[in-house]
Protein chains: 4
Amino acid sequence: MKTSKQTKAQEKINKKKEKNYQKQVQIIEGALQVFGEKGFEATTISAICKKAKISDATLYEYFNSKEDVLFSIAEYYTGTEIQKLKEVNHYIHDTRERMRMLIQAHLEFYESNPLYSSVALLNLKGNRNFIKSKAYGVVRESTRVFVDTFSEGVEKGIFRDDLDKYLVRNMILGFIEHLVIQWLLIGRPDEISTYRDTIFEMVIRAIEKNNPSPRSLS
Amino acid sequence: MKTSKQTKAQEKINKKKEKNYQKQVQIIEGALQVFGEKGFEATTISAICKKAKISDATLYEYFNSKEDVLFSIAEYYTGTEIQKLKEVNHYIHDTRERMRMLIQAHLEFYESNPLYSSVALLNLKGNRNFIKSKAYGVVRESTRVFVDTFSEGVEKGIFRDDLDKYLVRNMILGFIEHLVIQWLLIGRPDEISTYRDTIFEMVIRAIEKNNPSPRSLS
Amino acid sequence: MKTSKQTKAQEKINKKKEKNYQKQVQIIEGALQVFGEKGFEATTISAICKKAKISDATLYEYFNSKEDVLFSIAEYYTGTEIQKLKEVNHYIHDTRERMRMLIQAHLEFYESNPLYSSVALLNLKGNRNFIKSKAYGVVRESTRVFVDTFSEGVEKGIFRDDLDKYLVRNMILGFIEHLVIQWLLIGRPDEISTYRDTIFEMVIRAIEKNNPSPRSLS
Amino acid sequence: MKTSKQTKAQEKINKKKEKNYQKQVQIIEGALQVFGEKGFEATTISAICKKAKISDATLYEYFNSKEDVLFSIAEYYTGTEIQKLKEVNHYIHDTRERMRMLIQAHLEFYESNPLYSSVALLNLKGNRNFIKSKAYGVVRESTRVFVDTFSEGVEKGIFRDDLDKYLVRNMILGFIEHLVIQWLLIGRPDEISTYRDTIFEMVIRAIEKNNPSPRSLS
DNA sequence: CATGAATGAGAATTCATTCAT
DNA sequence: AATGAATGAATTCTCATTCAT
């Protein structure tokens, strides 16, 4: 089963593009709901198709496999989200403000899309195949704003120039995502976006320049 | 048939404690290897038992289900790790140093136990049943050192008293775990413990007291 | 995992009716053969499917479980038999003759369908779940002719009015079925329908009216 | 599994006799309870042994298999019951009264031992292996009283001499057992021994001699 | 005698996926 | 384009039974 998947996957490249985009979205939305509630393994194709009001076989006209559907969810939602972010970003010129906005936007996006958060953080983050997928590229791309914004700050001299920019991204995303995961799993805190300013402020302290560490750091 | 299953489920609890502890560990170690390499779903009971050199049926003398084995891995390793931490912790009096040590210890533990890291961060973190399990309690307990250390710092006046201690823990763990996950999945960075000082330093800046944020924070 | 099973159970009901009736019968006939020869527990789904020339998975498109197949056999054959009985019954006006016919029909049905007899009397009679099933309703219904015929005789004044009609049914069915079971298990007597007249006559003596018991019955 | 059972069974002949009779009874009583409540297939050796307060392995010191235990229940209880019957029988000289007593005794035995009734009528009657067992011989033997009593009546000229004595036994046992099964499964009637006189009287009418059937019997 | 420990053997069921129509 | 029907392939878990101690 595992081996044959690989082989067949190649024969079926990009079935998607050719077909009705509308229906793809319909399926993705159905899948989001079921995956989000039950998790990937516990979800059946049948359940997705029932939500999407299509037959099981039809799903395979639009996607190559159950996992393809899962990954496509990320691609779709991230793509959509990136658009919004770019627009807002366009109007913000202050780097610090951009960073604040990014954190806020991420928190709010997760908070207002718990099903997607569940899929992304409980099912995708940790999926070894995901990182090989095209969808992962899109998701990764979407986090580049943090890297870029940090770099921008470094150039402007407001952020420390002795930090690995990817490590900074790690910190910010790790912080946010860990919080969201906890919120999803144990329901605490009630609202995560409440913390947006504190989080921003902690991040800023960690990365801002003229912010001498009181004692020398070994 | 259905009803008797329910009944038996109750009788089954605590099958473990009564039996040979040695063999439990043997199974846990076999399972760690297979789960760590293939992931929970892709792992079969047979594979675990082959590694542990026991029959499939025997596994069920010691554990109630595949998931029980998974959770027990966390319980076992965390329990062991907590012991070590407590010992070291005992000899460190400086709060800052304690925090440094904790971060270092966590990073090194993950780095030197990639299989366990894989199980814990790719399979357990995100498992909705895990948080209901006894094992989760142990894991959670093990992270309390961060909360306690932070509180200690607050009391001593070296850490900010305007931060939610759980949020602080979130930041630290999120940061570390996100880094480890990336390391596991895409192999970067090569060595995560290299970053121990930078990470510590970023964390410290975020939580240390006499560290006025240069501009006012809205 | 546990919860979703419950949910699915509800969705599953009535899988049958919607699908190809032809194939259902095909499966039922295959199952009859295997159940009839080996008994319920000793029969495997595989064996049934081999007889029915379908794959194991296909069986589950038409039935919900092995037990569902078993019960459906009874429903199917009883349903068919009831039809025949009703037709014949229609042309018989004499109550005594009707009773004779019923006994004869039952004996002959069992005798000419030993596989079904085996399933019905060795596997179903005594199955605690069966009485809760829909199929049981059909079977029960099919024995009502005995009750009705007896009542008819009572009304006409030819049968005793001091007997519980259900007890009468018990006697007749118990008599017949016990005989059939013996025939199935130890092969004696060779032919059960040989006894049709004797059985009828014994039954009649027990229930007929102007048939004073010689001595007083305490 | 099926084939090896046969082979091994021969090696293990009569393990029973040599051992502690006390413990055998203890096991049989435990088994009666579990078999009686759950049925043969749904009963596990473990459950029996828990009731009997011995270890699973010990059961096999006294019995050769799970089925052996089942059959032994019948042997034990029937043996005990036969004793009682013989005693009572000894003091009854009237054939008709003997028949009345037998019916009454059977009904009362079943009614006061529902667990045994369940085992005997739901699990044993219909078990194809049972008839090959030694236990079956004992059970069969116990029903000979009906045959003998009927023969006695025939000799004395009070019972019809045109009836197959085994058919008579069939009628009586079938009647009684069918009633008991119904009582076990659907709980009706509330008390079966209430019917003892009616049943006796119906039986008597069917078999008594100077009891001319009103019309000629074809 | 009693039993703790180990296991062989199986078997029902699930589901993603395919394909002819 | 859509789908009803069919199935291959797999896997957890159960349990009667054995045997060394």
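Up top is the structure.
About the cut-offs
- Residues numbered from 1 in each chain as written.
- Chains lettered and ligands numbered in written order.
- Predicted model: local features only at pLDDT ≥ 70, side-chain atom pairs only at ≥ 80, totals over all residues.
- Heavy atoms only, no water.
- Contact = heavy atoms within 4.5 Å.
- Buried area = accessible area lost by both parts, 1.4 Å probe.
- Salt bridge = Lys/Arg side-chain N within 4 Å of Asp/Glu carboxyl O.
- Polar contact = N/O pair within 3.5 Å; in protein donor to acceptor, adjacent residues only side chain to side chain.
- Helix = DSSP H or I, 4+ residues; strand = E, 2+ residues; numbered from the N terminus.
- Nonpolar A, V, L, I, M, F, W, Y, C, P; charged D, E, K, R; others polar.
- Least-squares fit on C-alpha atoms with pLDDT ≥ 70 in both.
- Near = heavy atom within 4 Å.
- Phe/Tyr/Trp six-rings, centres within 6.5 Å; stacked < 30°, edge-to-face > 60°.
- Buried < 20%, exposed > 50% of the residue type's maximum accessible area, 1.4 Å probe, protein only.
- Lys NZ or Arg CZ within 6 Å of the ring centre and 35° of its normal.
- Axes fitted to C-alpha atoms, helices over the stretch in contact; angles between N-to-C directions.
- Parallel < 35°, antiparallel > 145°, perpendicular 65-115°, else oblique.
- Left-handed = near helix turned anticlockwise from the far one by under 90°.

**Some thoughts on the interface of chain B and chain A**
- Contact with chain B, which involves 55 residues of that partner, is made by 54 residues of chain A.
- Taken together, both faces of the contact between chain B and chain A bury some 4,900 Å²; the carbon and sulfur share is 56%.
- Between the two partners, chain B and chain A, sit two salt bridges.
- The interface formed by chain B and chain A holds 14 residue pairs in polar contact (both at pLDDT 80 or more) in total.
- Counting only elements with at least two residues in the side of chain B that touches chain A, the list comes to helix H3 (21-38), helix H7 (95-112), helix H8 (114-124), helix H9 (134-156), helix H10 (165-186) and helix H11 (196-207) of chain B.
- No other element matches H10(B), which puts 16 residues into the side of chain B that touches chain A.
- Along the lines of polarity and charge, the residues of the side of chain B that touches chain A split into 24 nonpolar, 12 polar and 19 charged.

**Here we look at the relation of the copies chain C and chain D**
- With an axial shift of 0.0 Å and an RMSD of 0.1 Å, the rotation relating chain C to chain D amounts to 180 degrees. Both chain copies can therefore be described as sitting about a two-fold axis. Across chain C, the smallest distance between a C-alpha and the rotation axis is recorded for C:Gly174, namely 2.1 Å.
- Take the interface residues of chain C: 100% of them recur as interface residues in chain D, which is what a same-surface contact looks like.

**A short note on the relation of the copies chain B and chain A**
- Expressed as a screw transformation, the operator carrying chain B onto chain A has a rotation angle of 180 degrees and an axial translation of 0.0 Å, and the superposed copies differ by an RMSD of 0.1 Å.
- Mapped onto chain A, 98% of the interface residues of chain B again fall at the interface, so both copies present the same surface.

**Examining the protein's contact with DNA strand E**
- Close to DNA strand E lie 32 residues, the nearest being B:Lys23, B:Ala57, B:Thr58, B:Tyr62 and D:Lys23.
- Between DNA strand E and C:Tyr60 there is a distance of 2.8 Å, counted from a phosphate oxygen to a side-chain nitrogen or oxygen.
- Secondary-structure elements contributing two or more residues to the surface near DNA strand E are helix H1 (2-11) and helix H4 (56-62) of chain A, helix H5 (56-62) of chain B, helix H1 (2-12) and helix H5 (56-62) of chain C together with helix H5 (56-62) of chain D.
- Of the residues that constitute the surface near DNA strand E, the class distribution is 10 nonpolar, 10 polar and 12 charged.

**Topic: the interface of chain C and chain D**
- The interface of chain C with chain D comprises 55 residues on the first partner and 55 residues on the second.
- Counting each side, the surface lost to burial between chain C and chain D is near 4,900 Å², with a carbon and sulfur contribution of 56%.
- Summed over the three residues of chain C that lose the most area to chain D, namely C:Arg128, C:Leu167 and C:Arg205, the buried surface amounts to 14% of that side.
- Along the contact surface separating chain C from chain D lie two salt bridges.

**Description of the packing of aromatic side chains**
- Within the structure shown, the criterion is met by 32 aromatic pairs over all chains.
- Each ring, one from B:Phe109 and one from B:Tyr110, has its centre 6.2 Å from the other, and the planes form 45 degrees; the classification is tilted. Across the pair, B:Tyr110 and B:Phe109 agree in class, each one buried.
- Grouping aromatic residues by their ring pairs yields a cluster made of A:Tyr76, A:Tyr77, A:Phe109, A:Tyr110 and A:Tyr116.
- The ring of A:Phe40 carries A:Lys66 above its face, with NZ or CZ at 4.6 Å from the centroid.

**Overview of the pattern of salt bridges**
- Considering all chains together, one arrives at 64 salt bridges over all chains under this definition.
- Between C:Arg196 and C:Glu108 there is a salt bridge; the shortest N-O distance is 3.3 Å. Here C:Arg196 is found in helix H12 (residues 196-207), whereas its partner C:Glu108 is found in helix H7 (residues 95-112), with 88 residues between them in sequence.
- The class for C:Arg196 is partly exposed, based on a relative accessible area of 31%.
- Residue class for C:Glu108 comes out partly exposed when judged on its relative accessible area of 34%.
- D:Asp162 serves as the salt-bridge partner of D:Arg160, at 3.0 Å between the closest nitrogen and oxygen.
- Judged by its relative accessible area of 4%, D:Arg160 is buried.
- The network of salt bridges with common partners includes A:Glu97, A:Arg100, A:Glu108, A:Arg196 and A:Asp197.

**Quick look at the side chain of B:Ser72**
- Take B:Ser72: it is sitting in helix H6 (residues 66-90).
- Looking at B:Ser72, its side chain comes within polar contact range of the main-chain oxygen of B:Asp68, at 2.7 Å.

**A look at the environment of D:Phe159**
Residues and elements named next belong to chain D.
- In this fold, Phe159 is placed in the loop between helix H9 (134-155) and helix H10 (165-186).
- Separated by 64 residues in sequence, Phe159 and Thr95 have C-alpha atoms that sit 9.5 Å apart.
- Not counting residues up to four positions away in its chain, the partners in contact with Phe159 are Thr95, Met99, Thr149, Phe150, Gly153, Val154, Ile204, Ile207, Glu208 and Lys209.

**Details of the packing of helix H2 (residues 21-38) of chain A against helix H3 (residues 45-52) of chain A**
Residue and element names in this part refer to chain A.
- Taken N-terminus to C-terminus, the directions of H2 and H3 make an angle of 125 degrees; their axes are 8 Å apart at the nearest point. Between H2 and H3, the angle is such that the two are oblique. Here H2 and H3 pass one another in a crossing that is right-handed. When H2 is examined against H3, the residues Gln26, Ile27, Gly30, Ala31, Gln33, Val34 and Phe35 are found in contact with a partner set consisting of Ala47, Ile48, Lys51 and Ala52.

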